[in-house]
Every structure is written in structure tokens, then in C-alpha cells.
Amino acid sequence: MPRTGNSEEWNGGEIMGLPATILPELPVVSDIGLDENAKRLTPERIAEVVNRIIDKETAARFRVYLNTCVHCGLCSDACHWFLSNNRDPRFSPVGKVKQTLWELMKRKGKVPPEFIKECSRIAQTECNVCRKCSMYCPFGIDIAYLLITVRRICHQLGIVPQFMQDTVNSHAATFNQMWVKQDEWIDTLQWQEEEARSEVVTARIPLDKEGADVLYSVIAPEPKILAQLIGNMAQIMAVARIDWTMPSFDGWDNSNMAMFSGDFEIMGRVERAHHEAALKLKVKRIVMGECGHAFRGAVYDGPKWLAWREPPVPVVHAVDFYHELITSGRIKIARKFEEPVTVQEPCNIVRGRGLGTKLREIIAATCADFRPAEPAFEHNYCCGAGGGVINCGPPWKTSRVKGNSVKAEQLAATKAHIVITPCHNCHSGIEDIISGYKLGMHVKFFSEILMQVMEIPDELRAE
Amino acid sequence: MYDFVSGPLVWIAFVLFIGGLSYQFVRMLRTAKKDKVVYPYMNLKHGLRSLLHWLVPFASRNMRMRYETTIITFAFHICLFLLPIFLTAHIVMFSFAWGPQWGTLSERTADWLTVLVILAALFFLARRWMLPEVRFVTYWSDYVLLAVAVAPFVTGFAAHHQWFNYETIVIIHMISGVVMLGAIPFTRLSHMLFFPFTRAYMGSEFGAVRNAKDW
């Protein structure tokens, strides 16, 4: 069915004012998770779930937010989807709430399965829940929270993009995101330990070491497809002489896509396993690799769901950790990285932790030619991949890349050659943008820069 | 009719307004307990810091991105408070009934500020029509709310200048004031009550929990 802007079918709402807005048709994307599962939905089931989630799982914020919004549209300019789609109002934050939640509320959940499919598409694939819009709403309405509530409803109805749901299934079955088996995990660590030792003789990846200072956790794509990052970390830890460990057992993966699919029960289990691994090993703190959503899950969304105000073990993001290593002199910089670099500031650690300044400081310490992107810090544009959007898989890649042309323009304006992306989602998302818009740039994790400029003392250097 | 409108109806309006706001306030506090994060995250310093950045014109990036909207929105809201409280005619009636009185705006100033409110309302209307992102999320109720907010000013202006039949206009003016006061707690005009809390909560979550700014 073609999707037209004014179709009662999908937006269900009135568009007031003159003249009527003519909105272009958007391409139809087929996704089994939406199309097939929607066939099993009944109107009764939909109404039951919608009303249950709204009545039982939401409280003051939800009600006040909906009663406070004056439909002013001032949140729109925050959103890269809106800006990149020719200011199409269907992509503005409030526009997305209107097409989903307002209609669900107005019709008291009495909507057809097609409508729930649209809700899933909008909330799951066209919003990165990056929370920038709540910095533009004059009232500070947490629009991302409203759209996550829509995701929650869709999840409870089983309408989740197929790739996303597969990832959540992996979390549920294996406690990691990518179906990594126990032996594969340990093998990968041993392999990377060997690799690291071919550069730094003292490099080790100590497994299950009780009482270590640091538990280092990663997201499952690292052992699966980016194993060298773990080897890099083993070298960095050895040079910095950090007492660290990694768990051989479940809880090593700090990623959490269930947080983004609306499956909060699985999200809670995954986060609990992660923190319990740290508690079991009696470490002083968790240091996590360069990933933004993992930080959000471990520090905010997971603890929130588990009714912990703070995580039980302090969690330090890699950017914070590198900053500590560099400023304390544990890592010395032998030479500067010469190529011009810019940075993609991950929402979940810049807007989510205020690490923008530290990120600039470690770049300044390691790179000779930094080209800042504008807007910056908390106002930076999301990469378009975060919030689970990239995990919705190949069917949604075209709309994701098209939905972030402002990012391409922002990066191109810096004229940098390298985009530092201290987040896995940003890394993949920016890579897609670079190739989609032919920017001719490359992405690097900060650790990859650090590996090139870090001084390895002679006594540690392998022959 | 005049006696009813200027007597009991005023009481009804204030009961609705103050009672309604109190009801909404208590309800917010009670439901906030169910919302696990609100009380633990709320933080006075960061809440106020955020409020300040959104109460001072151009202190937030979004306000700097659209000068006209910022100036007009601030002017509109300030006049909305100033005019009814410091209008000579209102104070005369108030002190006639209860005694106390306070400083007033000159008639000329009040006139100009009223025109300002009406022009600002026209700007909001034009914005609703002209900007796709606003038009897309506009319902009939948005026009009604704008009319409810601005009607006391239009009718007050007409009454002051003795347009049409004075007594009829004054009665309409009083009724429109009652409608506005009564509507505030029970419609989206309740942002008058909720704004400081939603902003302070977001400021707290950004500032105290996430170590970031929200302006």
C-alpha cells in the first residue's frame, strides 16, 4: 500500500489549516517482523495491550508530557530525520508522536494492525531516541521516552523489525547480542591475547581474576567481527599497567538491544547479568569499550528498570578511561596522528554523560589536526544508527542513510579525512553515511588512533 | 446578568482555577511516585539551572535559532500576566470589593500591550498555518485554545474603547476571562502549571544524572 502524507489510513489524524500539506509518498519497506506478525493481530488484542501499557506502565511523566505539549513544533529543528527529509513534518519529533501515541490515545487503542505496523516503523526505524529533541522542547518534554513507550507497545504486540527481534532473541538465549558461544568467546580472547603479545610482551587478557581493579566489557560484535579491538585493548592495558580482567562467563557482553526493542524484561536480565559478573569478580569498576548505547544501558536504562538509582559497580566509558590514562601519564604519547580528524560525538556519552570536553582533550593530546564539527557537544547530530535503528537491519538502511543528510553535510564541511567515532553504532552508522554520500572519509575508533601514537616502552616491546 | 457575571461567576472562575490547579498539582505529585525515576532524579540546583536557561530570552540554542518566535513568545506570556493584574479597571473593581489596591499600568501602556498580545496571537496563528511541522500537529483544539487565551484581551480592548454595546461587551469580556481561567487547569493551557516541573525534571536528569546541559 503506498504511503501518502494525508492518508487517513496511516496517520489517522486530521491535518488542520490551509492549504492541505502535500507530502510525498515514502517508499514501502517490507519487513517480516512487521508484515507477517501483523497478520496475527486482532483489534481486541491491540486495544488490550495499548491500554494496559498506558494504564499500568506509565505514570506522571507520560500524563504530564501529553497534557503539556502545546503542539508548537519547536522540537523539529533538533531532529536530523526532519532536517534531512526536507523538513517533512512526518519526521519531526512531535510529528512522530502525533502519528503514533496521540492517535492511540484518542482512539483508546482501537486501531487496526496496519496502524501498529506504522507505529513500529516510525518509533523503531525513524527515531534514534537520541534525546536531542528534549533539549529543544521549551518544556523539556522527553519525546524519546514517549516513542520508547510506543516501542514497548509494539514489542508487546510482537511487531518488531525482524533483525532487531533476532538480536533480542540472541540476548535472551545467550546473554550476548550475536549468538556468540562460550567456547568461541574464550577462543577469541586467547587468540587476541596472542596477537597482543606479538606487539607487547606483557600483554595478557586475564580471565575471571577476582579483585581486579577493572572489569573490561565489550559488545558482542567485538569478538564476532572486530576482534582486533580486544587485542588493542590488551596492549593498552599492558602499557598502562592496569590490573584488569574479563569474565569467561555470561555477562561479558555489555550491549543491550532489548532496551531499544521495548523488551524491558530481557533488558533487565541482560544488565543484571553484566553487573553481577562484576560483583562476582569483586572488581572495583567496570570499564567498557567504545560504545554509547551500552553505556546508556548499563548506567541508566538498565538500573532504572531494576529500580537501582545508580549502577552497583561504577561504570566508566572508554573515553573517560583513556582520558584518565593519558592525563595521569600512564600512557605516553610518542607522536601525534597527522591526518586531519573530526569527531562524531556519540549521543549516549555526550548528551548522556557530558564527555564532550574529555573527548576533545584526548583528541588534542593525540591528534595534530582536529577539525571540530558544528553543531557540537550536546547539540551534535546523532549518527542515525543509534537507538536500535541500525539493528533493524538491511531493509531499513536506505531510509536511515537518507534520513541523515545533515550529518553528511556536517562532516563534509570539516574537510577532515578521519572521523573518530568512539561508539560502535556511530562507527557503523557513519561508515554508511560516508559511503552513501561518497564523502571519501574513513572512520576510526579512538583506540585505533591511540594504538598508532602510544609510546610502548622498550622493555615491553616484542622483538 | 451583569451582577451574576461580575459576582458569583467570578467566584466560580476562581474556584475552578485554583481548585483545578491544586487538583492537577496533587495528582502530579501522587502519580510521580509511581514513576520510579522522578523523585530520585529531581535535583533542585540542576532543575533551577535549566529553568533559568529557558526563562531568560535567548539563553537556549533553540531560542537563538529563531529570534522572532522567541521575542513574540516572551512578550505574549509576560503581557498575559501583567495586563490582567495591573490594569486600572481591574484594580478599581478589586479595591471596590475588597479594599486593597496597587500600582497600575497607564491606560496608554495597557492599550499597547493588549495590541501586542493580539498581534502575538495572530503570529501564532500564522505560524500554525505556514509552518508544515506546526500545521501537521495542529488540531481544532489548538485554534480553540488560542482563541480562549486571546479572547479576554480582544473583548477587553473593545470594552475599553466602548465599541459596540458596552454592557454586552463587558459581559462577554468577563465570560471570556472566566472561560480562560477555568480552562487553564483542564486543557493544554495547564502548561502554565506543568512547565516549571517538566523543565526542572529534564534539567535534573540532564544535569545531575547525565552531567550534561539541556539548553
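Rules behind the numbers
Residues numbered from 1 in each chain as written. Chains lettered and ligands numbered in written order. Predicted model: local features only at pLDDT ≥ 70, side-chain atom pairs only at ≥ 80, totals over all residues. Helix = DSSP H or I, 4+ residues; strand = E, 2+ residues; numbered from the N terminus. Rg over C-alpha atoms; globule rule 2.2 N^0.38 Å. Buried ≥ 20, exposed ≤ 12 C-beta atoms within 10 Å, placed from the backbone. Contact = placed C-beta atoms within 7 Å. Domains from an automatic or database assignment. Nonpolar A, V, L, I, M, F, W, Y, C, P; charged D, E, K, R; others polar. Pairing = 2+ DSSP bridges. Axes fitted to C-alpha atoms, helices over the stretch in contact; angles between N-to-C directions. Right-handed = clockwise from strand over helix to strand, strands pointing away. Parallel < 35°, antiparallel > 145°, perpendicular 65-115°, else oblique. Left-handed = near helix turned anticlockwise from the far one by under 90°. pLDDT = per-residue confidence, 0-100. Core = buried A, V, L, I, M, F, W, Y, C linked by C-beta atoms within 7 Å.

Engineer: Whenever I open this one, the overall build of chain A confuses me. Can you help?
Structural biologist: A tally of helices and strands in chain A yields 22 helices and seven strands. Against the compact-globule benchmark of 23 Å for 463 residues, chain A has a radius of gyration of 23 Å, which places it among compact chains. With respect to the three principal axes, the spread of C-alpha positions in chain A is 75 × 45 × 35 Å. Looking at chain A as a whole, 58% of its 463 residues are labelled buried.

Engineer: Got a minute to help me understand the overall build of chain B in this structure?
Structural biologist: Looking only at helices and strands, one finds 12 helices and zero strands in chain B. Scanning chain B from its N terminus toward the C terminus, one meets helices and strands in the order α-α-α-α-α-α-α-α-α-α-α-α. Within chain B, buried positions represent 33% of all 215 residues. Across chain B, the fraction of contacts at a sequence separation of at least 24, relative to all contacts at a separation of at least 6, is 65%.

Engineer: In this structure, what is going on with the domain arrangement of chain A? I would like to understand it.
Structural biologist: In many analyses, interface size is given as the accessible surface area lost on bringing the parts together. Residue and element names in this part refer to chain A. Along its sequence, chain A is organised into domain 1 (8-160), domain 2 (178-327) and domain 3 (341-453). Placing the centre of domain 1 and that of domain 3 at their C-alpha centroids yields a distance of 27 Å. The partner domain 3 presents 20 residues to the 18 residues of domain 1 that form the contact. Breaking the side of domain 1 that touches domain 3 down by element, the ones donating at least two residues are α5 (80-84) and α7 (113-125). Broken down by class, the residue content of the side of domain 1 that touches domain 3 amounts to seven nonpolar, seven polar and four charged.

Engineer: Just checking my understanding: could you explain the environment of A:Phe445 for this structure?
Structural biologist: When you line up the elements, A:Phe445 lands in the loop between β7 (442-444) and α22 (446-453). The residues contacting A:Phe445, other than those within four sequence positions of it, are A:Leu229, A:Glu290, A:Thr421, A:Pro422 and A:His427.

Engineer: Help me understand the sheet that holds strand β4 (residues 315-317) of chain A, please; the structure alone is not making it clear to me.
Structural biologist: Where strands meet in a sheet, backbone hydrogen bonds hold them as pairs that are either parallel or antiparallel. Residue and element names in this part refer to chain A. Taken in spatial order, the four strands make up an open sheet running β2-β1-β3-β4, and their pairing is parallel. The open sheet terminates on both sides in strands that have one partner only, identified here as β2 (244-245) and β4. Sheet analysis places strand β1 (residues 214-217) next to strand β3 (residues 285-288), joined by four bridges and oriented parallel. Of the residues in β3, the one forming a bridge with Val214 is Arg285. Most of the contacts of helix α15 (residues 292-305) go to β4, to which it runs at about 160°, and overall it touches β3 and β4.

Engineer: Looking at this model, I keep getting lost on the pairing of β3(A). Mind explaining?
Structural biologist: Remember that side chains alternate between the two faces of the sheet whenever the strand is regular. Residue and element names in this part refer to chain A. As judged from the three bridges shared by β3 and β4, these two strands associate in the parallel manner. Bridge assignment links Ile286 to a residue of β4, and that residue is Val315. On the question of chirality, the crossover connecting β3 to the parallel β4 by way of α15 is right-handed.

Engineer: For this particular structure, what's the right way to read the sheet that holds strand β6 (residues 418-420) of chain A?
Structural biologist: Residue and element names in this part refer to chain A. As summarised here, the arrangement of the three strands in space is β5-β6-β7, forming an open sheet in which the pairing is parallel. Edge strands, defined here as strands with exactly one partner in the open sheet, are β5 (341-343) and β7. For this sheet, the mean angle separating the axes of adjacent strands, direction not counted, is 35°. Looking at chain direction, β6 and β7 are connected through three bridges and run parallel. Note on β7: the bridge partner recorded for Val419 is Val443.

Engineer: So what exactly am I meant to see when it comes to the interface of chain B and chain A here?
Structural biologist: Of the residues lining the interface, 43 residues belong to chain B; the matching set on chain A comes to 46 residues. Elements that contribute at least two residues to the side of chain B that touches chain A include exactly α2 (8-34), α3 (38-41), α4 (44-55), α5 (61-64), α8 (107-130), α9 (132-135), α10 (140-160) and α12 (191-209) of chain B. Considering each element in turn, the side of chain B that touches chain A owes the most residues, eight residues, to α12(B).

Engineer: Would you mind showing me how to read the packing of helix α6 (residues 67-86) of chain B against α8(B) here?
Structural biologist: For any two helices packed against each other, the geometry comes down to the angle between their axes and how far apart the axes lie. Residues and elements named next belong to chain B. Interaxial distance between α6 and α8 falls to 9 Å at its minimum, and their mutual angle equals 135°. On the basis of their axis angle, the class for α6 and α8 is oblique. As for how α6 packs across α8, the hand of that crossing is left-handed. Every residue of α8 that contacts α6 at Ile72, Ala75, Phe76, Cys79, Leu80, Leu82 and Leu83 is listed here: Ala110, Leu113, Thr114, Leu116, Val117, Ala120 and Phe123. Split by residue class, the contact of α6 with α8 holds 13 nonpolar, one polar and no charged.

Engineer: Just to check I follow, could you spell out helix α4 (residues 60-68) of chain A for this structure?
Structural biologist: For an α-helix, 3.6 residues make a turn, and residues three or four places apart therefore share a direction. Within α4(A), burial applies to A:Ala60, A:Arg61, A:Phe62, A:Val64, A:Tyr65 and A:Thr68. Looking at the packing, one finds that the buried side of α4(A) touches α8 (143-156) of chain A together with α2, α3 and α12 of chain B.

Engineer: What am I meant to see in the confidence of the model for chain A here?
Structural biologist: Interpreting fine coordinate detail is not advised for predicted regions of low pLDDT. Mean pLDDT over chain A stands at 94; residues scoring 70 or higher make up 95%. This model gives residues 1-20 of chain A a pLDDT under 50, and the stretch forms 36 contacts once residues within four places in sequence are excluded.

Engineer: Looking at this structure, I do not really get the confidence of the model for chain B. What am I missing?
Structural biologist: Across chain B, pLDDT averages 93, with 100% of residues at or above 70. The ipTM, which scores confidence in the relative placement of chains, is 0.94 for this predicted complex, and the corresponding pTM is 0.94.

Engineer: Sorry if this is basic, but what is going on with unusual backbone geometry here?
Structural biologist: Peptide bonds are, in most cases, trans, and in most cases residues other than glycine have a negative phi. Residues and elements named next belong to chain A. With an omega of 0°, the peptide bond running from Glu374 to Pro375 counts as cis. Along the chain, Pro375 turns up in the loop between α18 (356-366) and α19 (397-402). Phi angles above zero are rare outside glycine, and Phe175 is one such case at about 65°. Position of Phe175 among the secondary structure elements: in the loop between α9 (162-174) and α10 (182-197).

Engineer: Would you mind going over the nonpolar core with me for this structure?
Structural biologist: Proteins that are soluble and globular tend to have nonpolar side chains buried together. Ranked by internal contacts, the top residues of the largest apolar core, which has 170 residues, are A:Ile116 and A:Leu147. Excluding residues within four positions of it along the chain, A:Ile116 makes contact with A:Ala38, A:Leu41, A:Ile46, A:Val111, A:Cys154, A:Leu157 and A:Ile159. Grouped together as the second largest cluster of nonpolar side chains are 21 residues, B:Leu113, B:Val117, B:Ala159 and B:Val178 included.

Engineer: Can you walk me through the environment of B:Ile169 in this structure?
Structural biologist: Residues and elements named next belong to chain B. For Ile169, the location among the structural elements is in helix α11 (residues 166-183). Between the C-alpha atoms of Ile169 and Ala200, which are 31 residues apart in sequence, the distance is 41 Å. Residues in contact with Ile169, not counting those within four places in the same chain, are Thr155, Ala158, Ala159, Trp163 and Phe164.

Engineer: Help me understand the pairing of β1(A) in this model?
Structural biologist: All names here are of chain A. Taking every second residue as pointing to the same face, both faces of β1 are buried, with Val214 and Tyr216 on one and Leu215 and Ser217 on the other. Here β1 pairs with β2 via two bridges, running parallel. The partner of Val214 across the bridge, within β2, is Trp244.

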